[in-house]
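Single-letter residue listing:
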Amino acid sequence: MCGLDTEQTAPRLNRCTAFIVQHWGIDDTGMAAALSKAFLRCLIREHTQLSRDHLTPELMLHLITPACHLWSAKFENSPFDDPFWAFYWPGGQALTRYIFDNPHVVRGKTVLDIGSGCGSSAIAASLVGASKAVANDIDAVAEVAISMNSEKNGASVIPDTSNYLMFPTVPSPDPSRFDIIFMGDMFYDPDFTQLIDDWLAGIGRETMVLIGDPGRLLFMEHPLMSKLKPVARYSLNKTSQLENNGLTDASVWRLIM
Ligand SMILES: C[S@@+](CC[C@H](N)C(=O)[O-])C[C@H]1O[C@@H](n2cnc3c(N)ncnc32)[C@H](O)[C@@H]1O
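Computed from a predicted model, the values in this text were never measured in an experiment. (Residues numbered from 1 in each chain as written. Predicted model: local features only at pLDDT ≥ 70, side-chain atom pairs only at ≥ 80, totals over all residues.)

Undergrad: What should I look at first to understand the overall build of the protein in this one?
TA: Tallying secondary structure elements over the protein gives nine helices and nine strands in all. The buried share of the protein, reckoned over its 257 residues, is 42%. Sequence separation of 24 or more characterises 66% of the internal contacts of the protein that already satisfy a separation of 6 or more. (Helix = DSSP H or I, 4+ residues; strand = E, 2+ residues; numbered from the N terminus. Buried ≥ 20, exposed ≤ 12 C-beta atoms within 10 Å, placed from the backbone. Contact = placed C-beta atoms within 7 Å.)

As structure tokens, then:
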């Protein structure tokens, strides 16, 4: 279902558990967290449409499309804080297409999809035979959307909200323990791009890093580019081109240490 038109301003959902504790009088935080996840599932179902209209029609994903009320709703009328997970970003589309087209790259490997959003790259990796596919996103709503998308597509993805990009300053599992790291469309902000570049310098050589990006200027002109080798390029479909202000294609790069 998609397009529930509500004028009420719902609580911002990544604070949903706190809201339930405070307003529903439930002081068992475990139960509040379970209720909040169930509540988020309902809201995601209500406010998105299941879509295959992208570069990987193998996958059906809960997305906010032009047919959804939230596509044109004001921020204050949205129940979600910045629902990045509800859009399938061009870089993520290219990376996920690459995984489906090159299953040998991930088969039998452990993969970590950082900034997973809707979960597509981790889901594709799981479907083509990765031994473990972790979909990491610091957004708690994305965690729920990833679980829903994974279930919908019959994948076995492990959602994870650790902040790997702060490792080792903030404790998280060691990212170098994975065979492959994916990053789909993570280069949309200059400071964040620099942070990722510095972070990638600490990743061991034995970990393969694959990046998807539509060639945003910020990314193309960053010194990181000198450490990347292009491995694939895909034309976006018409809908994605329109939704992304005329971007026409997106590519996949491999980090060469
Ligand atoms: C532009 S979206 C890309 C989503 C997905 N990879 C795709 O291409 O469709 C960036 C995602 O990164 C997540 N993110 C931002 N900072 C992060 C961090 N430090 N660790 C993990 N995820 C993060 C956001 O919540 C968002 O879902």
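Undergrad: Looking at this structure, I do not really get the sheet that holds strand β8 (residues 228-235). What am I missing?
TA: Whenever strands of a sheet pair, they do so through backbone hydrogen bonds, lying parallel or antiparallel. The strand order β5-β4-β3-β6-β7-β9-β8 describes an open sheet built from seven strands, whose pairing is mixed. Edge positions in the sheet fall to β5 (157-160) and β8, since each has one partner strand and no second. Taken over all neighbouring pairs, the strand axes of this sheet differ in orientation by 20° on average, direction set aside. Note that strand β3 (residues 110-114) and strand β6 (residues 180-184) share four bridges and pair parallel. Looking at β6, one finds that Val-111 is bridged to Ile-180. Lying over the sheet, helix α5 (residues 120-127) contacts β3, β4 (132-136), β5 and β6, oriented at roughly 170° with respect to β4. Contacting β4 and β5, helix α6 (residues 140-152) runs over the sheet at an angle of about 175° to β5. (Pairing = 2+ DSSP bridges. Axes fitted to C-alpha atoms, helices over the stretch in contact; angles between N-to-C directions.)

Undergrad: Just checking my understanding: could you explain unusual backbone geometry for this structure?
TA: Note on backbone geometry: most residues besides glycine have negative phi, and most peptide bonds are trans. Of note, Asp-185 is a non-glycine position whose phi angle comes to about 55°, a positive value. Structurally, the position occupied by Asp-185 is in the loop between β6 and α7 (190-200). Positive phi values are uncommon outside glycine, yet Asn-245 reaches one of about 50°. In this structure, Asn-245 sits in the loop between α9 (238-243) and β9 (249-255).

Undergrad: What exactly am I supposed to notice about the environment of Ala-232 here?
TA: Structurally, the position occupied by Ala-232 is in strand β8. Taking C-alpha positions, Ala-232 is 7.2 Å from Trp-253, a pair spaced 21 residues apart along the chain. Each residue touching Ala-232, except ones within four places of it in the same chain, is listed here: Tyr-98, Ser-251 and Val-252.

Undergrad: How should I be thinking about the nonpolar core in this particular structure?
TA: Across soluble globular proteins, nonpolar side chains have a tendency to be buried as a group. Counting 62 residues, the largest nonpolar core has Val-111, Ala-122, Ala-125, Ala-133, Ala-145, Ile-181 and Phe-182 as the members making the most contacts within it. Counting the residues that make up this core, at least three belong to each of domain 1 (13-81) and domain 2 (90-255). When near neighbours in sequence (up to four residues on either side) are disregarded, Val-111 contacts Val-106, Ala-122, Ala-125, Ala-130, Ala-133, Val-134, Phe-178, Asp-179, Ile-180 and Phe-182. (Core = buried A, V, L, I, M, F, W, Y, C linked by C-beta atoms within 7 Å. Domains from an automatic or database assignment.)

Undergrad: Is there a simple way to explain the packing of helix α3 (residues 90-101) against α5 in this structure?
TA: The packing of two helices is summarised by the inter-axis angle and the distance between the axes. Contact geometry of α3 with α5 gives a least axis separation of 9 Å together with a crossing angle of 5°. For the element pair α3 / α5, the angle class is roughly parallel. On α5, the residues that touch Gly-92, Leu-95, Thr-96, Ile-99 and Phe-100 of α3 are Ser-120, Ser-121, Ala-124 and Ala-125. Here the contact of α3 with α5 is built from residues that sort into five nonpolar, four polar and no charged. (Parallel < 35°, antiparallel > 145°, perpendicular 65-115°, else oblique. Nonpolar A, V, L, I, M, F, W, Y, C, P; charged D, E, K, R; others polar.)

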